[in-house]
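These are the residues of each chain, in order.
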Amino acid sequence: MGLFVSVPDLSEFQKRKLLHEFTTFFDINKDGVLEWKDFDMARQRICHLSGWKEGSEKFIKTQELFIEIWRRLQDEGDKNLDGRISAEEWLSMWQKFHRENVAEQKNKVDTENKIPDWLQRYVEYKFNLYDRTGDGVIDTEEFEYVLSDFGVSSKDARTCYLLFSNNHEKKVDLDYFKTLSAEYYRSDDPSALGNFITGKLDFEQGKSQATNKN
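Residue positions are given per chain, counted from 1 along the sequence in the order it is written. Predicted model: local features are reported for residues with pLDDT of at least 70 only, side-chain atom pairs are reported and counted for 80 or more only, and whole-chain, interface and lining totals are derived from all residues. The basis for the side-chain values is all heavy atoms of the structure; hydrogens and waters are excluded.

Observations regarding the packing of helix α1 (residues 12–26) against helix α4 (residues 87–106)
One way to put it is that α1 packs onto α4 with a least axis distance of 10 Å and a crossing angle of 130°. Compared by their axis directions, α1 and α4 come out oblique. Crossing of α1 against α4: the hand is right-handed. Where α1 approaches α4, its residues Gln-14, Lys-15, Leu-18, Leu-19, Glu-21, Phe-22 and Phe-26 are matched on the opposing element by Ala-87, Trp-90, Leu-91, Trp-94 and His-98. Note on geometry: axes are lines fitted to C-alpha atoms, helical ones only across the stretch in contact, with angles between N-to-C directions running from 0 to 180 degrees. Secondary structure elements follow DSSP: runs of H or I no shorter than four residues count as helices, runs of E no shorter than two count as strands, and numbering proceeds from the N terminus. Should an angle fall under 35 degrees it is taken as roughly parallel, and over 145 as roughly antiparallel, whereas 65 to 115 is taken as roughly perpendicular and any remaining angle as oblique. Two helices that cross are described as forming a left-handed crossing if the nearer one is turned anticlockwise from the farther one by less than a right angle, and a right-handed crossing if clockwise. A contact between two residues is defined here by any heavy atoms of the two lying within 4.5 Å.

Encoded structure:
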């Protein structure tokens with residue numbers, strides 16, 4: 001899997017991936033910080049994209065889920081308790097989580113697919129978002145359609161899907177998507193297939209920017 005388990009500090013490659021996730025999928029209004037209104041905007045976008053009208057069961061469940069995820073994330077990431085999570089706080093939260101995993105692995109604890117509790121719920125939500133038909137599998141068209149709403153080109157989305165699905169040979173169900181997600185958030189291996197689940201092919205771009213921020 002190529003997880004970065006022996007060194008307590010996040011690598012620059014890991015930081016670039018985590019910052020990409022922060023700026024692309026979390027900081028919806030692009031103001032450099034994460035707060036509840038970002039989550040609420042994301043919720044509104046998803047409900048509109050899915051055709052879930054206000055008051056419908058899926059609309060209400062999505063709202064409840066986003067409130068839960070935000071509260072859990074705020075508990076872990078908002079260090080100065082100002083109701084917002086900056087990019088620095090975001091990376092600091094992941095650094096703390098990474099060091100805890102390194103310590104646990106030294107004690108022979110298996111943490112290979114471990115991710116924070118709040119993220120478990122987010123990954124499941126994200127899988128269901130991609131799985132437009134609700135058949136339990138993400139296909140190319142679904143992956144491409146959803147990522148287009150986040151500015152990812154059809155070409156990049158299709159290429160990334162081919163990579164992590166092993167040219168359509170691997171069924172992208174929830175279990176496999178969870179494994180890919182753990183790789184994305186934790187792996188230091190540029191060849192790990194989970195690196196491609198956001199539709200981005202190259203994390204070397206923006207290298208100096210990510211480095212300068214940290």
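Considerations on unusual backbone geometry
Although it is not a glycine, Asn-167 adopts a positive phi angle of roughly 60°. As for its placement among the helices and strands, Asn-167 is situated in the loop between α7 (154–164) and α8 (174–186). A positive phi is found at His-168, a non-glycine position, where the angle reads about 75°. Three exposure classes are used, based on accessible area relative to the maximum for each residue type with a 1.4 Å probe and protein chains only: buried under 20%, partly exposed in between, and exposed over 50%. A relative accessible area of 47% places His-168 in the partly exposed class.

What to know about the UniProt feature "domain: EF-hand" (unreviewed entry) in the protein chain
According to UniProt, the "domain: EF-hand" (unreviewed entry) feature falls on residues 65–100 and 118–153. Regarding residues 65–100, the helix share stands at 75% and the strand share at 6%, and the terminal C-alpha atoms are separated by 26 Å. UniProt positions are given in the numbering used here, feature names are shortened, and annotations may be inferred rather than shown by experiment.

Overview of the confidence of the model for the protein chain
Mean pLDDT over the protein chain: 87, with 90% of residues reaching 70 or higher. Averaged over each element, pLDDT in the protein chain is lowest for helix α9 (residues 207–213) (42) and highest for α7 (97). Along the chain, pLDDT gives the predictor's confidence residue by residue, from 0 to 100.

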